[in-house]
Amino acid sequence: MDGMAASDGMDGTDGMDGTRGTVAGGDELIVLEELEKVFRVRRRAGRFRRTRSEVRAVNGISFTVRRGEMVGYIGPNGAGKSTTIKMLTGILTPSGGRLRVAGIDPQHERTRLARRIGVVFGQRTTLWWDLPLRDSYALVRRMYRVPQARFRENLERCVELLDLAELLEVPVRQLSLGQRMRGDIAAALLHDPEVLYLDEPTIGLDVISKAKVRSFLRELNAERGTTVLLTTHDLTDIEQLCRRVMVIDHGRLMYDGGLPGLYEAGAGERQLVVDLEREQPPISVEGARTVRVEGPRQWLAFPAKASAAPLVARVAADYPLLDLSLREPDIEDVIARMYASGDGGGDGPRAAEVPVAG
Ligand SMILES: Nc1ncnc2c1ncn2[C@@H]1O[C@H](COP(=O)(O)OP(=O)(O)OP(=O)(O)O)[C@@H](O)[C@H]1O
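Only a predicted model underlies this, so the values are computations on that prediction, with no experimental measurement involved.

Conventions adopted
- Residues numbered from 1 in each chain as written.
- Predicted model: local features only at pLDDT ≥ 70, side-chain atom pairs only at ≥ 80, totals over all residues.
- Near = placed C-beta within 6 Å.
- Helix = DSSP H or I, 4+ residues; strand = E, 2+ residues; numbered from the N terminus.
- Nonpolar A, V, L, I, M, F, W, Y, C, P; charged D, E, K, R; others polar.
- Buried ≥ 20, exposed ≤ 12 C-beta atoms within 10 Å, placed from the backbone.
- Contact = placed C-beta atoms within 7 Å.
- Domains from an automatic or database assignment.
- Axes fitted to C-alpha atoms, helices over the stretch in contact; angles between N-to-C directions.
- Parallel < 35°, antiparallel > 145°, perpendicular 65-115°, else oblique.
- Left-handed = near helix turned anticlockwise from the far one by under 90°.
- Pairing = 2+ DSSP bridges.
- Core = buried A, V, L, I, M, F, W, Y, C linked by C-beta atoms within 7 Å.
- pLDDT = per-residue confidence, 0-100.
- Expected span 1.5 Å × (residues − 1).

A. Molecular detail of the site of the ligand. Surveying the vicinity of the ligand reveals 15 residues, the closest of which are F39, A57, N77, S82 and T83. At the level of secondary structure, the elements contributing two or more residues to the shell around the ligand comprise β1 (28–44), β2 (50–66) and α1 (81–89). Element by element, the count of residues in the shell around the ligand is highest for α1, at three residues. Each residue belonging to the shell around the ligand can be placed in one class, and the counts come to seven nonpolar, six polar and two charged.

Below, the structure written as C-alpha cells:
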C-alpha cells in the first residue's frame, strides 16, 4: 500500500478553495520530509537484567498541508499519530527528517511557533481546573499578548458559536466533558492561530456536543481559512469535515488522498445480504463466498468492482429467496481492511520495537 502514499497528487490534496499549490508556493503551511521519531525504551527482563530496544513510532513520513486545508490524520492505536502532532508542536524532537510549520522549525523555535498554532488534546484540558472559563481565557490572552479588542472579538465569536455564554463563570472542574471540550477549543483559538491541531476533539462527547463542535470547525475553516489537522477515531468527524485524509500505521503513511479514493483503495468487497425462506447450509455460488449465516439470513461477499446482477441471478436460481439487499462497505470496514493488509496487521503493537545491543 506504500505505493499510494503521500506525494502522488491525488484529488483530495486540493485546498478548500480548489486551487493547487506549486511546490515552491507560499501556501504550504506544514511540510514534513522523511520525518522520524525513535524512542529508546528499557524493559526489565528478569530480576536483574534489562533489555534496551527502539520503538520506531514515526518511520519516514512525508506530506504537505496547504493553507486552508482540513485534513484527517487517522490510524489505529499506537500508529504514531500523537507522536507526529507532538513533533509538529515542538513538544518532541524528531530523530530524523525535516519539519516546517509556517516556515518555522518547531524544534528550535517552539515559542515563536506557539503564537501561530492552536492545540486541543481531547483527553486533557489546557484550562485551569479551578478557574472559571472567563479567567482562563484572560490568562490565555496575557500569555499570547492578544490585543484587547481582538481578544474581545474572538471571544464573542467563540462564545456565540460554541454556546458558551452560560458557562463563562463556571469553574472548569464543574463542566461536563462536552462543555469543557468546547471551552478548550475556544481557548486554542483566542490568539488567531493559522493552524489548529485537534487530537480526538469529539472523544466521549454526546451526539449534540459532537454536532456543535463539528459545525463550529466547519465555520472556522470556511470563514477564517484556519488550517486544521484532525486526529480522530470517529470516522463521522472525517466524513463531515475533511476532504483529505491521511492514514498512518506502524509509523508509515499508508494513504493520502480524498475520501472517495480511500473507499476505493480499501473497499475490496461488497456484500449481498440474502433472506432465504428457511435456514440453509452456507450458500455455495460462483463469484462470491458466504461470510456470515444467521438463521435464514446469509451474507455473501463479492468483489466490489463486479456487478451484483449475475450473482443475484445465480442465487435466485438455486435457493428459495424471500428478499435481497446490497451492503456497501462503510468507512470503518474500509479502514479495518486497510490496517489488516498492512505489515503485520492484527492486534499487535503498531510500531516496530527492535532490540538494540548494549
Ligand atoms: N514516550 C514514549 N516512549 C516510548 N514509546 C513511546 C512513547 N510515546 C509513544 N511511544 C510509542 O510509539 C508508538 C506510537 O505512539 P503514538 O502515541 O504516537 O500513537 P497514536 O497513533 O497516537 O495512538 P493512540 O491512537 O492510541 O493515541 C507506540 O508504540 C507507543 O507505545
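B. Spotlight on the environment of P201. Mapped onto the elements of the fold, P201 is located in the loop between β6 (195–199) and α6 (207–224). Note on P201: 28 C-beta atoms within 10 Å, which makes it buried. With 23 residues separating them along the chain, P201 and G178 place their C-alpha atoms 9.5 Å apart. Among residues more than four places away in sequence, those in contact with P201 are V120, G122, M181, I185 and V213.

C. Focus on the domain arrangement of the protein. Assigned domains within the protein: domain 1 (28–263) and domain 2 (268–342). In this structure, domain 1 and domain 2 have C-alpha centres spaced 40 Å apart. Listed as interface residues are 10 residues of domain 1 and, on the opposing side, seven residues of domain 2. Those elements that place two or more of their residues in the side of domain 1 that touches domain 2 are α7 (235–241), β8 (244–249), β9 (252–258) and α8 (259–266). Class assignment for the residues of the side of domain 1 that touches domain 2 results in seven nonpolar, one polar and two charged.

D. Main features of the packing of helix α5 (residues 177–189) against α6. As a packed pair, α5 and α6 sit with axes 10 Å apart at the nearest point and diverge in direction by 15°. Judged on the interaxial angle alone, α6 and α5 are roughly parallel. Between α5 and α6 lies a crossing whose hand is right-handed. Along its contact with α5, which presents G178, M181, R182 and I185, the element α6 presents S209, K212, V213 and F216. The class makeup of the residues in the contact of α5 with α6 is four nonpolar, two polar and two charged.

E. Structural view of the pairing of β1. The pairing of β1 with β2 spans 14 bridges and is classified as antiparallel. Paired with L32 across the bridge in β2 is F63. Linking β1 back to β2 in an antiparallel pair, the connection comprises five residues, with G46 at a positive phi of about 90°.

F. A look at α1. Taken residue by residue, α1 has K81, T83, T84, K86, M87 and L88 as its buried positions. Of the residues one or two after α1, G90 is the one with positive phi, at around 90°.

G. A look at the sheet that holds strand β3 (residues 70–74). The strand order across the open sheet built from six strands is β5-β6-β7-β3-β8-β9, with neighbouring strands paired in mixed fashion. Both edges of this open sheet fall to β5 (117–121) and β9, since each of them pairs with a single strand only. On average, each strand axis in the sheet is tilted by 15° relative to the strand beside it, whichever way the strands run. Bridge count for β3 against β8 is four bridges, and the pairing is parallel. Its bridge partner being in β8, I74 is matched across the sheet by V247. Running over the sheet, α5 touches β5 and β6 and is turned about 165° from β5.

H. Expanded view of the nonpolar core. In terms of nonpolar packing, the biggest core is built from 68 residues, with I185, L190, L230, M246 and V247 touching the most fellow members. Of the residues that make up this core, three or more belong to each of domain 1 (28–263) and domain 2 (268–342). When neighbours within four sequence positions are excluded, L190 is seen to be in contact with Y137, V140, R141, V146, F151, N154 and L155.

I. Local environment of the confidence of the model for the protein. Mean pLDDT over the protein: 84, with 86% of residues reaching 70 or higher. When pLDDT is averaged over each helix and strand of the protein, the minimum, 60, is found for strand β14 (residues 352–356) and the maximum, 96, for strand β4 (residues 96–101). Taken as a whole, residues 1–25 scores under 50 in pLDDT and shows 45 contacts with residues more than four places along the chain or in a different chain. Contacts for the low-pLDDT stretch residues 343–349, under 50 throughout, to residues beyond four places or in other chains number four contacts.

J. Representation of α5 within the structure. Between its terminal C-alpha atoms α5 stretches 19 Å, which fits the 18 Å expected from 13 residues at 1.5 Å a residue. Within α5, 11 of the 13 residues are buried, leaving the element largely enclosed by the surrounding structure. Those residues of α5 lying buried are Q179, R180, M181, R182, G183, D184, I185, A186, A187, A188 and L189. On its buried side, α5 packs onto β5, α3 (133–144), α4 (148–161), β6 and α6.

K. Fine view of the sheet that holds strand β13 (residues 321–327). Spatially, β11-β12-β10-β13 is the arrangement adopted by the four strands of the open sheet, whose pairing is antiparallel. Each edge of the sheet is formed by a strand with only one pairing partner; in this case those strands are β11 (289–294) and β13. Across this sheet, the average inter-strand angle for adjacent strands is 20°, counted without regard to direction. Pairing between strand β10 (residues 269–276) and strand β12 (residues 297–303): seven bridges, direction antiparallel. From the neighbouring strand, V273 faces β12, where its bridge partner is W299.

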